[in-house]
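Residues per chain, in single letters:
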Amino acid sequence: MAVRLSDIPAEGLVLDYRHDPGRLEPLGEGVRVLEPVDVHLTITPEGDRYLIQGEVKGRVQVECGRCLAPVTLTGVAPCAVDARPLPNQPSPDEPGSLVRGDLDVIFYSGPVLNLDDLVREQLLLNIAMRPLCREGCLGLCPSCGKNRNESPCGCRDLAATDPRLDELRKLRGRSNA
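The structure contained in this document is the topic of the report that follows.

Rules used throughout
Residues numbered from 1 in each chain as written. Predicted model: local features only at pLDDT ≥ 70, side-chain atom pairs only at ≥ 80, totals over all residues. Heavy atoms only, no water. Core = buried A, V, L, I, M, F, W, Y, C linked by side-chain atoms within 4.5 Å. Buried < 20%, exposed > 50% of the residue type's maximum accessible area, 1.4 Å probe, protein only. Helix = DSSP H or I, 4+ residues; strand = E, 2+ residues; numbered from the N terminus. Contact = heavy atoms within 4.5 Å. Pairing = 2+ DSSP bridges. Phe/Tyr/Trp six-rings, centres within 6.5 Å; stacked < 30°, edge-to-face > 60°. Disulfide = S-S within 2.5 Å.

**Focus: the nonpolar core**
Piece 1. If you look at the biggest cluster of nonpolar residues, it comprises 33 residues, and the most contacted ones within it are Val 37, Ile 43, Ile 52, Leu 113 and Leu 115.
Piece 2. Of all the secondary structure elements, the ones that give two or more residues to this core are strand S2 (13–19), strand S4 (37–46), strand S5 (49–63), strand S6 (70–85), strand S7 (105–108) and helix H1 (116–125).
Piece 3. At five residues, the largest contribution of residues to this core is made by S5.
Piece 4. Ile 43 has contacts with Val 3, Ile 8, Gly 12, Leu 13, Leu 15, Tyr 50, Leu 51, Ile 52, Leu 113 and Leu 115, leaving out every residue within four places of it along the chain.

This is how it looks when you write it as C-alpha cells:
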C-alpha cells in the first residue's frame, strides 16, 4: 500500500486495512503468507519524518526447523518505526555502518510512502529462527533422511557408534558412578 505524504494530516493518519498477500511475495525462502494480513497503523508527521506505530497480524506457513514439515504460525507483530527521507549524501559516520537508532528506521524518497516493505519486514521479524511443528519434534534421521516423527527408521544411532565420542562416553560413565 502506498500513502501520499501530502494526504497525511498534522494530527496523523490512521490506517486499518487488509494487505494483499500477493504484494508481500516473495516473503522469504520457505515462507508463505496464507491469507490477507490485517494492518493497523498510525502515521504521525514530525517535520520531514513520520512516526509509524501499530501492529501487523497475519498467518504464515514455514518449514519446521527439524523435520521440514509445514508449520502454520499466527502472529501479531507490534511496530514502531521512524520513516525518514533518504539522505542525499552519506553520514559523517563510517559509510555503510548502522548505529543502534537506524534499526527502527525506514527511508523514503519522493512524495509516497510505500508500506509493503514495512509489513513484510514486521511479519518476518515475528517468525522464530527455528520454528518447530511441535515441542518434541524428532526431526530427520541424519543417515537416511526419514522423518522420525512418522516412524523409526531403523538406522543405528550415530552418537552410539561414532568412535570419536568414545572418550566422552568414558567421562560420562565416571561421572555417573
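Picking up after the structure, the text goes on.
**Concerning the pairing of S5**
Piece 1. Both strand S3 (residues 32–33) and S5 contribute to a ladder of two bridges, which runs antiparallel. By the bridge assignment, Arg 32 is partnered in S5 with Gln 61.
Piece 2. Pairing of S4 with S5 involves nine bridges; the strand directions are antiparallel. Bridged to Thr 44 within S5 is Leu 51.
Piece 3. The antiparallel hairpin formed by S4 and S5 contains two residues in its connecting segment, where Gly 47 sits at a positive phi of about 70 degrees.
Piece 4. Sheet topology note: the S5/S6 ladder contains 14 bridges and is antiparallel. Looking at the pairing, Tyr 50 lines up with Ala 83 of S6.
Piece 5. Between the antiparallel neighbours S5 and S6 lie six residues, among them Leu 68 with a positive phi of about 70 degrees.

**Considering the packing of aromatic side chains**
Piece 1. The tally for this structure, following the rule as stated, stands at one aromatic pair.
Piece 2. Note on Tyr 50 and Tyr 108: the rings are 5.9 Å apart at their centroids and 65 degrees apart in plane angle, and the pair reads as edge-to-face. You can see Tyr 50 sitting in strand S5 and its partner Tyr 108 sitting in strand S7, a full 58 residues away along the chain. The same class applies to Tyr 50 as to Tyr 108, namely buried.

**Section: H1**
Each full turn of the α-helix corresponds to 3.6 residues, which orients residues three or four apart in the same direction.
Piece 1. Residues of H1 that are buried: Asp 116, Leu 118, Val 119, Arg 120, Gln 122 and Leu 123.
Piece 2. Check the buried side of H1 and you find it contacts S2, S3, S4, S5, S6 and strand S8 (112–114).

**Quick notes on unusual backbone geometry**
A negative phi holds for most residues other than glycine; trans holds for most peptide bonds.
Piece 1. One non-glycine residue, Leu 68, lies in positive phi territory at about 70 degrees.
Piece 2. When you line up the elements, Leu 68 lands in the loop between S5 and S6.

**A look at the state of the cysteines**
Piece 1. The final tally for this structure, using the stated rule, is zero disulfides.
Piece 2. Cysteine Cys 133 is unpaired, with the sulfur of Cys 67 as its nearest cysteine sulfur at 3.7 Å.
Piece 3. The class for Cys 133 is partly exposed, based on a relative accessible area of 33%.
Piece 4. Summary of cysteine pairing: Cys 153 is not part of a disulfide, and the nearest cysteine sulfur, belonging to Cys 141, is at 3.5 Å.
Piece 5. Judged by its relative accessible area of 26%, Cys 153 is partly exposed.

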